[in-house]
Amino acid sequence: MPTAVLDLDYGALPDGLSLAEHYGEALALIRVGGRPAGIVQLRLRTGVIDGADLRAQVMAAARWPVCMRWVHTTMGLDEPPPPAADATVAVCTRDRPDDLRRCLESLLAMPDDGQELIVVDNAPSDQRTRDLVAAFPRVRYLREDRPGITAARNRAMREARGAVVAFTDDDAVVDPGWLRAIVRDFDDPLVACVTGLVMPLELETEAQEAFERWMSFGRGVERREFHSSSFDPLLAKAPGSGNSMALRRSAWRAIGPFSTAFGVGTVARSGGEVLWFSQALAHGHRIIYEPAALSWHRHRATEAALISVSYSYGVGYCARALHQLLVWREGAVWGHVARMVLEFGLGLLLRGLIWQRGTLLAPMMRAWLRGFARGPAAYFASRRHLREHGGEL
Amino acid sequence: MSAPAVSVVIPTRNRCAVLRATLMALATQTAPPDQLEVLVVADGSADGTAEMVRSLRVPYALRLLEQPARGVSYARNWGAAEARAPLLISFDDDVVATPGLVAAHLRAHKGPGERLVLGPYPLGLRGRPSLYQIVAQAWWSDRFHALGRPGHRFSFKDVGAGNFSIPTSLYARLGGFDTIFVGYGGKDYELGARVLKAGAALAYAPDALGDHCDQAGHTVERMLRRTREEARNDVILGRIHPELRPALSVAALFNPPLTARGRLLVRLAFAAPALGDHLARRLIGRAQRYEALLLRERWRRLMGDLKRYWYARGVAEQLASREAVDAYVAEGERAAGAWPRRVIRLELREGLTACAERLDRERPDEAELIFDGQRVGAIPPLPGAEALRGAHLPEALRGWQVTWELARMLGTAGAGPLPAPAVAREREGLWPTS
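Heads up: these notes are all about the structure in this document. Just so we're clear, the structure is a prediction, and the values are computed from it rather than from any experiment. (Residues numbered from 1 in each chain as written. Chains lettered and ligands numbered in written order. Predicted model: local features only at pLDDT ≥ 70, side-chain atom pairs only at ≥ 80, totals over all residues. Heavy atoms only, no water.)

## Considerations on the overall build of chain B
- A tally of helices and strands in chain B yields 16 helices and 12 strands.
- Each principal axis of the C-alpha atoms in chain B carries an extent, and together these give about 80 × 60 × 45 Å.
- Counting only contacts in chain B whose residues sit at least 6 apart along the sequence, the fraction spanning at least 24 positions is 74%.
- A total accessible area of about 19000 Å² is found for chain B, and carbon and sulfur atoms account for 55% of it. (Helix = DSSP H or I, 4+ residues; strand = E, 2+ residues; numbered from the N terminus. Contact = heavy atoms within 4.5 Å. Areas by Shrake-Rupley, 256 points an atom, 1.4 Å probe, with all protein chains shown as cover.)

As C-alpha cells, this is what we get:
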C-alpha cells in the first residue's frame, strides 16, 4: 500500500488530513520553526487522520526532539544560518531533463546569496540537457565526456568558483533553506564535508517503499559529527550520501579527487563519494551530518530499477572494501566486510525469506549479494579501464 | 628610533631552522615594523641560534638575550623584563605568524579594561599524518574553534603560551610565569588563573593567526613524556590554587573510561613503577603495530591507557598513593565549594535580552534560572572561569535539562509535558529576541 509523504510544521499542525484513499500510511517530516525535529510514520484510515490522532501519533513517536526544538524556537535560541555567499551548487546529470528541470526550479527558489549554480552534463547522448539549461540564464552549463558521476563531480570541483561546493542530484529537490544550512558548518576549519537529510519525495510504489525502508538516504534528525578520533573511517556510509553533500574546495584539493574507478556510470557502479568520505576522515578531517539541510529524493519507481540499484550497491561495496584493503592497507577491512555480509546481506536476506515473505526485501538482498560477489571482478576491470583511459584512482 | 608598540618574546632552545622561519614571518607583518620589537631568549642554545639571530636582516628591532639552560619560564620572564613596548606578545619559536597577527593583537587591546588576548595557532599537517598527529590536530583546532564561539566561557585552561598578548604592566604586576613549573604544562594555566583573579579578562582574536608548524615534533613518545610532566605540574598548580583541582585531569585519574589494562597500569604507576614502565614500553611497540595495520579503534584504546599510565606516573611523583590523590582531590572540592561567589536569580519571564543585559551589568559567578517563580536550572559556578556574561545565557538554555524543564513549565496543565501549539503562539510575545 503506498505511503503518503508529508511535510508538517508542528506550530501549524492541521486539524486532520484527508489524503487520497489508497494511502494506508504516511511518512511525515515534522518541523519546528522550519527545522526538522522528527520523522514519524503515521497510520491512516483510508487516507484520513483526524487532528487529535495526528497530534497523539506525532507526540508518541517524537516527543523529545519536537519538545526540545519547540522550546528553542519559542525562546529565540535558533540563530538563522547566514547567507551562503561564497558557495557553488553543482548538479551532475545524465539524460534526465525532466527530473533536472524540477531540481533546477527548486535551486532557483532558494534565496539568492550570490551562489554559483552549475550543471555538469555527464556523457550525454543528446542535446536535451543543454537546451534545458539554456532556459535558465543563472545556471552555468558544463559538459564532462568521461562517463561516471565521480568524473562529473571532480569536474565541478575544478570549475567551481565558491570556497564550498554543494552537490545535489538531478532526481532530488532541495528545501529553500538547504544551501544556507549545509554551508554554515564550514566555520569549523576541520570540516571538509557536510551532508544533509534526504527525505523521499514520494513513496508510491512498493519499490520506493522498500528502498526507503532498507536503504534509506536519511540519517535521522540528530546532528552528528564524525572524526577519526572517535569514528572508524571505514564506516563512512554513516555520515550521509552524495546526493546531499557539500565539500570545502581547499580540503578536497588536499585529500584528493573522487576516485573515478567508482560511482554510478563506472564499472564499479557506486561508492565514489563514500570512498572519499573515508579518505577525508583518514586524513583527519571532520564530516558533519546536518539534518537542517533538507532535500527530497525521488527513489526509482520500478522493481527492476530497485534490483539494479541494490546490485550496484553490492558491487560498489565490495570493490570499495578491496580498494581500502589493497591500496590503503586498512587492516580493519576484513572485520567490516564480514559484519556487513553477515548482518546486512545475509541477515536481511533471511528476514526477507522468513518474516517478510512476498515483499521486495529478499530479491533486493539477493541482488546485493550477487553484486557483492561480482565486486572483485568489477574492481579490477574498473582499474584496468582507468589505466587504459586515464582518470583518478 | 621611536619606542615600539609591541614586544614579541620568543624563548628558544636549539631549534635554529624553525626559529628562522618564525622570525622571517614577523618581518612581513601589516603592522609597521618600527612599532615592533622582537626579543629572542636563547635558553641554553648551542646550535648556532645566536649567530643566526645576529646575522639575520629584518626590518624590525631584533634583540638577542642568552642564558644558560634555565627553563622556558625564566626565558619568557627575562624577555618581558627587557621589553620596551607597553604590549607584550608571548610567542613560541615554531609558530609562523600570518601577516595580520601583530595588528590583530594590537587591535584587541583597544577599549577599556585589561585583558589577555589569545591568538590561534592550530597545528598544520602536511602529507599523510600519523594517527597521533590527527588526534593532536583535532585537539588544537577544536580548542581554538571553541574559543571563537559567542557563548564560550573563558577559563584558565584556555591560556596557551605560544601566542597571546598582554599589557606589559599587567604581566609585570602578576610577576609573569611561575618558575616553579619544570617541563611541560602547568605554567600557562597558572598564569591564566592569576589573570582572572586579578580582575583582568581573557579574550580571543581569531585573526591573530599563526601556523604551528611542528608536525615532526608530534610523536607519541614526546606526547607521553609530556603527559608525565603535565601531571606533575597539574598537582603543583592545584597546590597553588586548591579550588582549581576539580577542573584538572588529576581529579579524573581513576574515572572511566578505563579498560582492565588501564586500571592495572594506573595501579602499577603507584605500586611498582619499574614494572609499569617496562610494560608501558612494550605496549608502545604494540601501538606501532596497530598503527601499521591502521587498527584505529585498538590503537585508540591502547593510547588512552598509555596516556593514563604516564599521567599517573607524573601524579605519583607528587602524591605517593591513591589515598593521597583522593585526599588531595577531596580537599580541592571543599575549596571549590567554599569559593566565594556572587549568585543572582534570573527571571526568564523578563525576556532573554533583559536577562542577558543583567548578566553583563552584574557579572555574577552563578545564575539561577527562574521561570514564573520556579527554578528551571542554573548556570553553575566554575572556579577558574570568568564571571558570567550575557552571551553565556543562550548556551545555558540550550542544555537539555533546562530545555526539558522549560517545556514542562510552558505546557498547559494536564496536557503532558508539551504544550499545544496554540498556547505556544499566544506566549511567543513573551520572548523579546534581539
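## Considering the pattern of salt bridges
- All chains considered together, the criterion is met by 59 salt bridges over all chains.
- Linking R31(A) and D7(A) is a salt bridge whose minimum nitrogen-to-oxygen distance equals 2.7 Å. One end of the pair, R31(A), is in strand β3 (residues 25-32); the other, D7(A), is in strand β1 (residues 3-9), and 24 residues separate them in sequence.
- Among the residues examined, R31(A) registers a relative accessible area of 11% and is labelled buried.
- Taking the shortest distance from any N to any O, the salt bridge between E330(A) and R296(B) comes out at 2.8 Å. Of this pair, E330(A) sits in the loop between α9 (303-326) and α10 (333-354) while R296(B) is found in helix α11 (residues 296-318), placing the two residues in two different chains.
- For R296(B), a relative accessible area of 7% gives the class buried.
- Three or more residues joined by partner-sharing salt bridges are found here, namely E116(A), R140(A), E144(A), R146(A), R155(A), R158(A), E159(A), R161(A) and E392(A). (Salt bridge = Lys/Arg side-chain N within 4 Å of Asp/Glu carboxyl O. Buried < 20%, exposed > 50% of the residue type's maximum accessible area, 1.4 Å probe, protein only.)

## Digging into helix α10 (residues 273-292) of chain B
All names here are of chain B.
- The terminal C-alpha atoms of α10 lie 29 Å apart, and with 20 residues this matches the ideal 28 Å at 1.5 Å per residue to within 8%.
- Taken together, the buried positions of α10 are occupied by G276, D277, A280, L283, I284, G285, A287 and Y290.
- As for α10, its buried residues are in contact with α8 (220-240), α9 (260-271) and α11. (Expected span 1.5 Å × (residues − 1).)

## Quick notes on the nonpolar core
- Among the nonpolar cores identified, the biggest contains 130 residues, and V8(B), L23(B), V38(B), L116(B), F164(B), I166(B) and V315(B) are the most heavily contacted of them.
- L13(A), L54(A), V58(A) and L348(B) belong to the second largest nonpolar core, which has 46 residues in total. (Core = buried A, V, L, I, M, F, W, Y, C linked by side-chain atoms within 4.5 Å.)

## A closer look at the interface of chain A and chain B
- Each partner contributes to the interface: chain A provides 37 residues, whereas chain B provides 34 residues.
- Overall, the association of chain A and chain B removes approximately 3200 Å² of surface from exposure, summing both partners, and the carbon and sulfur fraction of that is 66%.
- Per-residue buried area on chain A facing chain B is highest for W70(A), M75(A) and L77(A); these three make up 21% of the total on that side.
- Inspection of the chain A/chain B interface yields three salt bridges.
- The interface formed by chain A and chain B includes eight residue pairs in polar contact (both at pLDDT 80 or more).
- Among the elements that line the side of chain A that touches chain B, the one with the most residues is helix α1 (residues 51-74) of chain A, at 11 residues. (Buried area = accessible area lost by both parts, 1.4 Å probe. Polar contact = N/O pair within 3.5 Å; in protein donor to acceptor, adjacent residues only side chain to side chain.)

## Quick notes on a nonpolar patch on the surface
- A contiguous nonpolar surface patch, about 330 Å² in accessible area, is contributed by L326(A), V327(A), F380(A) and L393(A).
- By secondary structure assignment, the location of F380(A) is in helix α11 (residues 361-389). (Patch = residues over 30% accessible without salt bridge, like charges linked within 9 Å, V, L, I, M, F, W, Y side chains within 5 Å.)

## Some remarks on the pairing of strand β13 (residues 244-248) of chain A
All names here are of chain A.
- Burial analysis of β13 places five of its five residues in the buried class, the great majority of the element.
- For strand β9 (residues 164-169) and β13, the ladder comprises five bridges, and the chain directions are antiparallel. Paired with V165 across the two strands is L247, which belongs to β13.
- With three bridges connecting them, strand β11 (residues 191-200) and β13 associate as antiparallel partners. In the strand pairing of β13, C193 is matched with L247. (Pairing = 2+ DSSP bridges.)

## Looking at the sheet that holds strand β12 (residues 374-379) of chain B
Residue and element names in this part refer to chain B.
- Read from one edge to the other, the open sheet built from three strands follows the order β10-β11-β12, with strand pairing classed as mixed. Pairing within the sheet leaves two strands with one partner each, and these edge strands are β10 (343-347) and β12. Across the sheet, the axes of successive neighbouring strands diverge by a mean angle of 25°, strand direction being ignored.
- Note that β10 and strand β11 (residues 366-371) share five bridges and pair parallel. Bridge pairing in β11 links I344 to A367.
- Along the sheet, helix α13 (residues 352-362) contacts β10 and β11; its crossing angle with β10, the most-contacted strand, is approximately 165°.
- Contacting β11 and β12, helix α15 (residues 400-410) runs over the sheet at an angle of about 165° to β12. (Axes fitted to C-alpha atoms, helices over the stretch in contact; angles between N-to-C directions.)

## Considering the state of the cysteines
- For the coordinates displayed, the defined rule picks out zero disulfides over all chains.
- There is no disulfide at C92(A), and the cysteine sulfur nearest it, in C103(A), is 10 Å away. (Disulfide = S-S within 2.5 Å.)

## Section: the packing of α10(B) against α11(B)
Residues and elements named next belong to chain B.
- Look at α10 against α11: their axes get within 10 Å of each other, and the N-to-C directions meet at 155°. Comparing the axis directions of α10 and α11 gives the class roughly antiparallel. Note on packing geometry: the crossing formed by α10 with α11 is left-handed. Across from P273, G276, D277, A280, L283, I284, R286, A287, Y290 and E291 in α10, the residues of α11 making contact are R298, W299, L302, M303, L306, Y309, W310 and R313.
- When its residues are assigned to classes, the contact of α10 with α11 shows 12 nonpolar, one polar and five charged. (Parallel < 35°, antiparallel > 145°, perpendicular 65-115°, else oblique. Left-handed = near helix turned anticlockwise from the far one by under 90°. Nonpolar A, V, L, I, M, F, W, Y, C, P; charged D, E, K, R; others polar.)

## Observations concerning unusual backbone geometry
- Phi at A123(A) is positive, roughly 40°, even though this residue is not glycine.
- As for its position among the elements, A123(A) is in the loop between β7 (116-122) and α3 (128-134).
- You can call A123(A) buried: its relative accessible area is 17%.
- A positive phi angle, close to 55°, is found at D372(B), a residue other than glycine.
- Considering the arrangement of structural elements, one finds D372(B) in the loop between β11 and β12.
- Look at D372(B) and you get partly exposed, because its relative accessible area is 44%.

## Description of the environment of D142(B)
- Counting through the fold element by element, D142(B) comes out in helix α5 (residues 131-147).
- According to the relative accessible area criterion, D142(B) is partly exposed, its value standing at 29%.
- Each C-alpha atom, one on D142(B) and one on P122(B), is 8.9 Å from the other, the two residues being 20 residues apart in sequence.
- Each residue touching D142(B), except ones within four places of it in the same chain, is listed here: D188(A), L190(A) and R286(A).

## Quick notes on the packing of α9(A) against α11(A)
All names here are of chain A.
- Between α9 and α11, whose axes approach to 6 Å, the crossing angle comes to 40°. Here α11 runs oblique to α9, going by the angle between their axes. As for the relative orientation of α9 and α11, their crossing is right-handed in sense.

## Thoughts on the side chain of T403(B)
- For T403(B), the location among the structural elements is in helix α15.
- Judged by relative accessible area, which is 0%, T403(B) ranks as buried.
- Once you skip the residues sitting within four places of it in the chain, T403(B) turns out to touch M68(A), V71(A), H72(A), L397(B) and R398(B).

## Points about the sheet that holds strand β1 (residues 6-12) of chain B
Residue and element names in this part refer to chain B.
- A sheet is described by the order of its strands in space; here seven strands give the open sequence β3-β2-β1-β4-β7-β6-β8, paired in mixed fashion. Only two strands of the sheet have a single neighbouring strand rather than two, namely β3 (61-67) and β8 (201-204). When the angles between neighbouring strand axes are averaged without regard to direction, this sheet yields 20°.
- Summarising the sheet, β1 and strand β4 (residues 87-91) pair through four bridges and their orientation is parallel. Bridge pairing in β4 links S7 to L88.
- Contacts from helix α1 (residues 16-25) reach β1, β2 (36-43), β3 and β4, with the element oriented near 170° to β1.
- Contacting β6 (115-118), β7 (163-167) and β8, helix α7 (residues 187-197) runs over the sheet at an angle of about 120° to β8.

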